[in-house]
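Residues per chain, in single letters:
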Amino acid sequence: MQWTVSRPFVPPALLDLVDRGRLRRAALRYAEHGWAVTPGARLVGHRFTCGRPGCPIMAGHPALESWEDSASADPAQVRAWWRHRPHSVLLATGRLFDVLEVPAALGLRVLGTARLHTGVLGVERADARGPVAVTAAGRWMFLVRAGVPLRAELEHRLDVVRHGTGSWVPAAPSRMSEGPVRWAVPPEQAQWWLPDAEVVQNLLVDALGTLPERHVTVPRQLSTTRRST
């Protein structure tokens, strides 16, 4: 005899309400610490929809056409954006922080090295441990202080992307095509500390010398968004 367990039917409207509340709380938490957010298109089936009539973009993208000008850390504005729709949560880069986006093999090596340095040298001298987000597609995103260009050793690589002014990255608990974004190092664990970009870039360059080339080369189009200019 086989037993089957049927799942209770949950109205789509209720699911939207739950998702909207969860995403709004996350967006407000980021905004409370001065991180500018902007609503993103939500995943519906196999494509993203932003609610703008005739929008042809199927991949993840901001829901607002003028998102660069309107991205905000104002709680009232954030509540208004998420009042009716379960938007993805996007973080605007190039303001308080840039984001260094790298493949998983490189990200794991750098995170492990940063933790080791902190244990040996202490937090004051090893300040590379900041918030780190991970996508289900295997891209690691290190949040660092804004304004520092990529080192020459990183600039030429197809698998390393710096998100600065004019760019954005998805933040947990947003869902991308491959799955949800999560924090490998949550901002709370890092006490919302943003490390110097030079320190993290130095660790990235050092880690590149320890990994076979085949593990760190991916097409540029696998990036979560475009390179900042």
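Since the model is a prediction, treat every value here as computed from it, not as a measurement.

A.B. asks: I'm lost on the pattern of salt bridges in this one. Help?
C.D. replies: Pairing of side chains with opposite charge becomes possible as their charged atoms draw close. Inspection of the entire model under this criterion finds seven salt bridges. For Glu153, the salt bridge goes to Arg151, with nearest N and O atoms at 2.6 Å. By relative accessible area, which is 34% here, Glu153 ends up partly exposed. Using a relative accessible area of 28% as the deciding quantity, one classes Arg151 as partly exposed.

A.B. asks: Just to check I follow, could you spell out the packing of aromatic side chains for this structure?
C.D. replies: Given two aromatic rings, one states the distance between the centres and the angle between the planes to describe the pair. A complete count under the given rule lists six aromatic pairs for this structure. Consider the rings of Trp35 and Trp183, whose centres lie 6.4 Å apart with planes at 55°: the pair is tilted. Taken as a pair, Trp35 in the loop between α1 (12–32) and β1 (37–40) and Trp183 in strand β12 (residues 182–185) lie far apart in primary sequence, 148 residues in all. In this pair, the class of Trp35 matches that of Trp183, namely buried. On the numbers, 4.8 Å between centres and 70° between planes, the contact of Trp35 with Trp192 is edge-to-face. In this pair, Trp35 is assigned in the loop between α1 and β1 and Trp192 in the loop between β12 and α6 (197–208), connecting sequence segments 157 residues apart. The buried category is assigned to Trp35, whose relative accessible area is 2%.

A.B. asks: Explain the sheet that holds strand β4 (residues 88–92) to me, please; I cannot follow it from the model alone.
C.D. replies: Either a parallel or an antiparallel arrangement is found when strands of a sheet pair, and the pairing is made through backbone hydrogen bonds. Here we have three strands laid out as an open sheet, ordered β1-β4-β9, and antiparallel in their pairing. The open sheet has two edge strands, β1 and β9 (168–170), and neither has a second partner. Ignoring strand direction, the axes of neighbouring strands in this sheet form an average angle of 35°. With four bridges connecting them, β1 and β4 associate as antiparallel partners. Looking at the pairing, Thr38 lines up with Leu90 of β4.

Basis of the calculations
- Residues numbered from 1 in each chain as written.
- Predicted model: local features only at pLDDT ≥ 70, side-chain atom pairs only at ≥ 80, totals over all residues.
- Heavy atoms only, no water.
- Salt bridge = Lys/Arg side-chain N within 4 Å of Asp/Glu carboxyl O.
- Buried < 20%, exposed > 50% of the residue type's maximum accessible area, 1.4 Å probe, protein only.
- Phe/Tyr/Trp six-rings, centres within 6.5 Å; stacked < 30°, edge-to-face > 60°.
- Helix = DSSP H or I, 4+ residues; strand = E, 2+ residues; numbered from the N terminus.
- Pairing = 2+ DSSP bridges.
- Axes fitted to C-alpha atoms, helices over the stretch in contact; angles between N-to-C directions.

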